[in-house]
Amino acid sequence: MNETINVVISVSWRVECLNLLLDILKNNFEKNYRTYVFCNVAKTEKDVLNKIDMSLIDEFAYCPDEDCSLSKQEKMNNKKLHAKRLQPARLWATIAEVLEANNIGKFIYTECDFYPMVEEAYISGFEGVTSDNFACKFVELNNPKVPFGYMCPCPMYFGSTKTIGSIGKNMAKNGLDMVQRGYAFEGMLAKSAIDTSIPFIVTSDHMFTNHDPNCLDPVTKTLHNHNILDVGATLTEYGITK
């Protein structure tokens, strides 16, 4: 029997990125993927949901954040602080809480704009993961944005939902304080994970900018790009054509 692999995906407005990721998992990879999608756009932006290919989603959760609104952000004094730090932290903590309450077993967590190119590399991140630890990309850095290191939220590998639940509680409790201290979201995630003392396995320590359309991680074989029009050549190179 083909093993089912749970993939938890977060999305705000980049629904075209989400649709591409779902196509890769459901229509191009061989294993059976069960997709859980969480979307946090404000109720005023709810029409964006109509652009999502729901046929490729097994479980969809709408958890609106009223600050996750394009019109509202235009009036904010610090749009980046809200859109790039506070909102992702709130969503991550919400997802962690929901998952812990509805145990789905082991799973991959990812944002919608990280595309796996090689299936075996993508699922190999589970190696060594148990119910008491997790695995992810981690880069040892120490600067004001990431004083405890850069912990990439994509892809992350969890053996159970209790580990993400513990990290999520810490994020919910201390997220605002970390934002006010100037942490990037990846720095917030590292601090919350370290505070819980949950051990983690480093899958990769390569740092890339998503402004480079060829920023393919050589270990996880994942491509991070906000513009799907930039990734066509790489998709073709790896045989992702459906």
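Check the entry above for the structure.
The text that follows walks through the structure, step by step, so that each part is easy to find. The structure presented is a predicted model; accordingly, all values stated were derived computationally and were not measured. (Residues numbered from 1 in each chain as written. Predicted model: local features only at pLDDT ≥ 70, side-chain atom pairs only at ≥ 80, totals over all residues. Heavy atoms only, no water.)

## Remarks on the environment of C39
Our working definition: Put simply, DSSP H or I for four residues or longer makes a helix, DSSP E for two residues or longer makes a strand, and each gets a number counted from the N terminus. The contact definition used throughout considers only heavy atoms, calling two residues in contact when any of these lie within 4.5 Å.
By the secondary structure assignment, C39 is in strand β2 (residues 32-39). Contacts of C39, omitting those with residues within four sequence positions, involve V11, S12, L49, F60, A61, Y62, C63 and P64.

## Observations regarding the pattern of salt bridges
Cut-off, in case you're wondering: One speaks of a salt bridge when a side-chain nitrogen belonging to Lys or Arg is within 4 Å of a carboxyl oxygen belonging to Asp or Glu.
Taken as a whole, this structure holds 12 salt bridges when the rule is applied. Of the charged contacts in the structure, one is a salt bridge between R34 and D58, with a shortest N-O distance of 3.9 Å. Of this pair, R34 sits in strand β2 while D58 is found in the loop between β2 and β3 (59-62), placing the two residues 24 residues apart along the sequence. The partner of D195 in a salt bridge is K191, with the nearest N and O atoms 2.8 Å apart. Here D195 pairs with K191, and both are found in helix α6 (residues 185-196), just four residues apart, close to one helical turn.

## Thoughts on the packing of aromatic side chains
Here is the rule we go by: Only the six-membered ring of Trp is used, alongside the rings of Phe and Tyr, when aromatic pairs are assigned; centres must lie within 6.5 Å, and planes under 30 degrees apart are stacked while those over 60 apart are edge-to-face, with the rest tilted. Using a 1.4 Å probe on the protein chains alone, a residue whose accessible area is under 20% of its type maximum counts as buried, one over 50% counts as exposed, and one in between counts as partly exposed. The rule for a charge over a ring is simple: NZ of Lys or CZ of Arg within 6 Å of the ring centre, and within 35 degrees of the ring normal.
Tallied over the full model, the rule gives seven aromatic pairs. Ring geometry for W92 and Y109: centres 6.1 Å apart, planes at 75°, overall edge-to-face. On the criterion of sequence distance, the pair formed by W92 in helix α3 (residues 79-101) and Y109 in strand β4 (residues 107-111) is long-range, its members being 17 residues apart. Both residues of the pair, W92 and Y109, belong to the buried class. Both rings, one in F138 and one in F200, keep their centres 5.2 Å apart while their planes meet at 65°; by these two values the pair is edge-to-face. Of this pair, F138 sits in strand β6 (residues 134-139) while F200 sits in strand β9 (residues 200-204), and the two are 62 residues apart along the sequence. By relative accessible area, which is 10% here, F138 ends up buried. Owing to a relative accessible area of 25%, F200 belongs among the partly exposed residues under this scheme. An aromatic cluster is defined as three or more aromatic residues linked by ring pairs; in this entry it consists of F107, F134, F138, F158 and F200. If you follow K106 out to its NZ or CZ, it ends over the ring of F126, 4.7 Å from the centre.

## Comments concerning the pairing of strand β1 (residues 4-11)
Stated precisely, the cut-off is as follows: Pairing between two strands is assigned when DSSP locates at least 2 bridges connecting them. A right-handed crossover is one whose linking path, passing over the helix from the first strand to the second, runs clockwise when the strands point away from the viewer.
The buried count for β1 comes to seven of eight residues, which makes it a mostly enclosed element. As judged from the eight bridges shared by β1 and β2, these two strands associate in the parallel manner. Note that in β2 the partner of I9 across the bridge is V37. In the classification by handedness, the crossover that spans β1, the intervening helix α1 (residues 15-28) and the parallel β2 is right-handed. The pairing of β1 with β4 spans five bridges and is parallel. Bridge pairing in β4 places V7 opposite I108.

## As for the environment of L56
Inspection of the secondary structure puts L56 in the loop between β2 and β3. Counting along the chain gives 29 residues from L56 to N27, while the straight-line C-alpha distance between them is 9.0 Å. When neighbours within four sequence positions are excluded, L56 is seen to be in contact with L22, D23, K26, N27 and T35.

## Here we look at the nonpolar core
For clarity, the threshold we go by: Nonpolar cores were defined as sets of buried Ala, Val, Leu, Ile, Met, Phe, Trp, Tyr and Cys residues, with membership established by side-chain atoms within 4.5 Å.
Ranked by size, the top nonpolar core spans 39 residues in total, and within it V7, I9, L18, I24, L25, Y115 and M117 carry the most contacts. For this core, the secondary-structure elements that each account for two or more residues are β1, α1, β2 and α4 (119-123). M156, F158, I164 and I167 belong to the second-largest nonpolar core, a separate cluster that totals 33 residues.

## What to know about the side chain of N28
Applied cut-off: We define a polar contact as two N or O atoms separated by no more than 3.5 Å, with the added condition that, inside protein, one atom must be a possible hydrogen donor and the other a possible acceptor, whereas residues neighbouring each other in sequence contribute only through side-chain atom pairs.
If you trace the backbone, N28 turns up in helix α1. Of note is the side chain of N28, whose polar atom sits 3.1 Å from the backbone nitrogen of T241.

## Here we look at unusual backbone geometry
Among all residues except glycine, the phi angle is most often negative; among peptide bonds, the trans geometry is most common. The peptide bond linking C154 to P155 adopts the cis configuration, its omega dihedral lying at -20°. By the secondary structure assignment, P155 is in the loop between β7 (150-151) and β8 (156-158). Look at S197: it is not a glycine, yet its phi comes out positive at around 65°. On the secondary structure map, S197 appears in the loop between α6 and β9. Of the residues examined, S197 reaches a relative accessible area of 62% and is grouped as exposed. For K221, which is not glycine, the phi torsion reads 55° and is therefore positive. Mapped onto the elements of the fold, K221 is located in the loop between β9 and β10 (222-224).

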